[in-house]
Amino acid sequence: MKRLILVGGGHSHVEVLRRLALSPLRDARVVLVSSERQTVYSGMLPGYIAGHYSFSDCHIELEPLCAAAGVELRTAGACHIDAVARSVHLDDGATLAYDVLSLNIGSTPDTTSIAGALEHGVPVKPLSRFVRAWNAIEAGAARERSVIAVVGAGAGGVELVLAVQHRLARVGRPGSVFHLLTDAATILPDHAFAVRRKLERVLRQRGIHIHSSSRVTALDGARLHRAAGAPLAVTHVLITTGARGAHWLGRTGLKTDARGFVAVNAALQSLSHVEIFAAGDIASIEGYALPKSGVYAVREGPLLADNLRRALAGRPLVRYRPQANALALISTGDRSAVMSWRRFALEGRWVWRWKDRIDRRFIAKYRIAERPA
Ligand SMILES: Cc1cc2nc3c(=O)[nH]c(=O)nc-3n(C[C@H](O)[C@H](O)[C@H](O)COP(=O)(O)OP(=O)(O)OC[C@H]3O[C@@H](n4cnc5c(N)ncnc54)[C@H](O)[C@@H]3O)c2cc1C
């Protein structure tokens with residue numbers, strides 16, 4: 001019997017599981033290795049922080065999904081791949097052999113250039129760890145006047161600082177201060193001018209301090225140091241800087257790009273190892289420079305599911321043509337949002353309601369196993 005190992009319960013693998021639940025693989029043993037039993041959905045994370053969603057609204061339970069798919073769930077982190085022996089090493093000491101391996105482990109903020117980032121800052125990924133850290137910050141916010149710095153001003157960073165401010169205005173001590181820092185010349189450098197202008201206006205109206213061209217160099221627990229300018233006194237630093245691939249992949253011999261993402265072809269197949277696939281943030285598709293966005297991870301799910309079956313059966317793979325532009329709905333903390341599409345921007349409560357419908361529908365799709373028969 002062939003062995004398929006799925007590593008990471010990201011957006012693409014939950015779709016693989018859903019499809020396996022609808023049409024099980026009879027001649028293969030499938031294992032999902034996931035560091036968490038739940039997948040937190042990043043699209044709803046800012047809404048969770050702002051207090052609009054409960055935790056159960058914004059996560060997918062992997063156990064019932066795996067059970068419905070006939071897949072064994074191993075709650076452990078993968079820490080090495082022996083690509084010669086074709087085995088995955090787990091951080092609980094186990095080793096799993098594979099015939100076909102698929103990686104959907106996301107990305108992490110690049111903290112390598114910020115000294116003390118891991119000791120004194122809170123990286124936004126892994127999301128489950130971030131959620132635990134945020135819950136502690138929120139619980140302590142009534143006792144102290146918070147000074148929160150969000151490092152990284154892409155869509156995630158902008159949403160995060162607005163959501164945190166919205167929440168702490170309700171549960172925190174009055175007088176909290178919020179900073180948004182980026183080493184780029186502007187916030188949201190990957191979005192159109194019209195989008196930037198709208199969100200800059202919102203940030204300024206809310207009194208959030210924007211520090212552009214401001215490279216953060218170190219954190220020491222009480223202060224945030226920058227390449228230029230005086231240090232900022234801070235109580236908490238949330239880090240959403242540009243993404244990179246997991247460090248441990250660097251020791252596996254897998255071909256990666258300059259940021260450590262697995263280099264794959266348009267069939268999501270590793271350029272160096274034909275039996276290994278990668279999708280979502282961790283994949284770097286040859287010939288495309290896609291942003292790290294859940295939209296692509298979701299779109300790759302059906303193709304990955306198909307190609308994993310084909311690879312197990314030794315059939316030819318199908319190729320993926322990523323969409324050139326992705327719609328982004330950027331929430332502003334107060335049940336309002338800005339739509340970013342190419343060079344266009346629209347804003348309002350209706351955009352948030354639209355996003356809310358899309359996000360709730362996404363989560364509901366993966367609760368098939370929890371529905372009564
Ligand atoms: C605040 C914020 C808001 C965002 N909002 C949006 C949005 O609205 N729309 C959008 O398109 N994108 C959004 N993004 C980007 C989005 O989060 C990512 O692009 C998306 O999560 C990538 O999906 P993925 O499936 O590749 O990985 P992930 O969703 O990160 O899933 C990877 C999974 O693998 C697990 N894992 C990691 N390492 C291991 C290991 N070694 N062993 C086992 N398991 C492992 C993790 O625990 C995780 O469950 C947002 C990002 C942030 C930070």
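What you are looking at is a predicted structure, and each value in this text was computed from that prediction instead of being measured. (Residues numbered from 1 in each chain as written. Predicted model: local features only at pLDDT ≥ 70, side-chain atom pairs only at ≥ 80, totals over all residues. Heavy atoms only, no water.)

Colleague: Help me understand helix α3 (residues 62-69), please; the structure alone is not making it clear to me.
Modeller: Residue pairs spaced three or four apart in an α-helix point in one direction, given the helix's 3.6 residues per turn. Turning to α3, its buried residues are Leu62, Leu65, Cys66 and Ala69. The buried residues of α3 occupy one face: seen down the axis, they fall within an arc of 100°. Buried positions along α3 lie against α1 (11-22), β2 (28-34), β3 (38-40), β4 (59-61) and β5 (72-75). Two residues or fewer after α3 comes Gly70, characterised by a positive phi angle close to 70°. (Buried < 20%, exposed > 50% of the residue type's maximum accessible area, 1.4 Å probe, protein only. Helix = DSSP H or I, 4+ residues; strand = E, 2+ residues; numbered from the N terminus. Arc of directions from axis to C-beta. Contact = heavy atoms within 4.5 Å.)

Colleague: Help me understand the domain arrangement of the protein in this model?
Modeller: Many structure descriptions define interface size as the accessible area lost when the parts assemble. If you check the domain split of the protein, you get domain 1 (2-35 + 76-107 + 245-325) and domain 2 (109-242 + 328-354). Relative placement of domain 1 and domain 2: their C-alpha centres are 31 Å apart. Counting residues at the interface gives four residues for domain 1, matched by four residues for domain 2. Surface buried jointly by domain 1 and domain 2 totals about 350 Å² across both partners, of which 49% is contributed by carbon and sulfur atoms. (Domains from an automatic or database assignment. Buried area = accessible area lost by both parts, 1.4 Å probe.)

Colleague: What is the right way to read the packing of aromatic side chains from this model?
Modeller: Given two aromatic rings, one states the distance between the centres and the angle between the planes to describe the pair. Evaluation of the coordinates by the stated rule reveals five aromatic pairs. Each ring, one from Tyr53 and one from Trp352, has its centre 6.1 Å from the other, and the planes form 15°; the classification is stacked. With Tyr53 in the loop between α2 (45-50) and β4 and Trp352 in helix α9 (residues 349-365), this pair connects stretches of sequence that are 299 residues apart. No difference in accessibility class separates Tyr53 from Trp352, as the two residues are buried. On the numbers, 6.1 Å between centres and 10° between planes, the contact of Trp350 with Trp354 is stacked. (Phe/Tyr/Trp six-rings, centres within 6.5 Å; stacked < 30°, edge-to-face > 60°.)

Colleague: How do you make sense of the site of the ligand when you look at a structure like this?
Modeller: Lining the immediate surroundings of the ligand are 29 residues, of which His11, Ser42, Ala78, Asp281 and Gly294 lie closest. Measuring from an oxygen atom of the ligand, one finds a backbone N or O atom of His11 at 2.7 Å. Here an oxygen atom of the ligand and a side-chain polar atom of Ser35 are 3.2 Å apart. Protein contact buries 85% of the 1000 Å² of open area that the ligand shows by itself. Of all the elements in the fold, those that place two or more residues in the shell around the ligand are β2, α6 (155-171) and α8 (294-313). At three residues, α8 tops the list of elements feeding residues into the shell around the ligand. Looking at the shell around the ligand residue by residue, the classes come out as nine nonpolar, 15 polar and five charged. For the shell around the ligand, the domains that each give at least three residues are domain 1 (2-35 + 76-107 + 245-325) and domain 2 (109-242 + 328-354). (Near = heavy atom within 4 Å. Polar contact = N/O pair within 3.5 Å; in protein donor to acceptor, adjacent residues only side chain to side chain. Areas by Shrake-Rupley, 256 points an atom, 1.4 Å probe, with all protein chains shown as cover. Nonpolar A, V, L, I, M, F, W, Y, C, P; charged D, E, K, R; others polar.)

Colleague: Would you mind going over the environment of Asp359 with me for this structure?
Modeller: If you trace the backbone, Asp359 turns up in helix α9. Under the relative-accessibility criterion, Asp359 is labelled buried at 4%. Residues Asp359 and Asp57, 302 residues apart in the sequence, show an inter-C-alpha distance of 9.6 Å. With residues up to four places along the chain from it excluded, the contact list for Asp359 reads Tyr41, Gly43 and Met44.

Colleague: It is not clear to me how the environment of Ser284 should be interpreted in this structure. Could you clarify?
Modeller: By the element assignment, Ser284 lies in strand β22 (residues 283-285). For the pair formed by Ser284 and Gly245, sequence separation is 39 residues and the distance between their alpha carbons is 9.9 Å. The residues contacting Ser284, other than those within four sequence positions of it, are Asp257, Phe261, Val262, Ala263 and Val264.

Colleague: Help me out: how do you make sense of the pattern of salt bridges in this one?
Modeller: Two side chains carrying opposite charge are able to pair once their charged atoms lie near each other. Following the criterion strictly, the structure yields 19 salt bridges and no others. For Glu63, the salt bridge goes to Arg37, with nearest N and O atoms at 2.9 Å. A residue pair is termed long-range when its members are at least 10 positions apart, and Glu63 in helix α3 and Arg37 in the loop between β2 and β3 qualify at 26 residues. Overall, Arg37 belongs to the partly exposed group, its relative accessible area being 37%. Across the salt bridge formed by Glu347 and Arg201, the nearest N and O atoms sit 3.0 Å from each other. Of the two residues, Glu347 sits in strand β25 (residues 344-348) while Arg201 sits in helix α7 (residues 193-205), which places them 146 residues apart along the sequence. By relative accessible area, Arg201 is classed as partly exposed at 37%. Put simply, Glu15, Arg18, Arg19 and Lys365 are held in one network by salt bridges that share partners. (Salt bridge = Lys/Arg side-chain N within 4 Å of Asp/Glu carboxyl O.)

Colleague: I keep staring at the pairing of strand β9 (residues 100-103) and nothing clicks. Help me out?
Modeller: On a regular strand, one side chain projects to one face of the sheet and the next to the other, so that they alternate. Side chains of β9 alternate between two faces, with Val100 and Ser102 and Leu101 and Leu103 buried alike. Inspection of the sheet shows strand β1 (residues 2-7) paired to β9 by four bridges, in the parallel sense. Note that in β9 the partner of Leu4 across the bridge is Val100. Strand direction decides the pairing type here: β9 and strand β21 (residues 276-278), joined by three bridges, are parallel. Each bridged residue has a counterpart across the sheet, and for Leu103 the counterpart in β21 is Ala278. (Pairing = 2+ DSSP bridges.)

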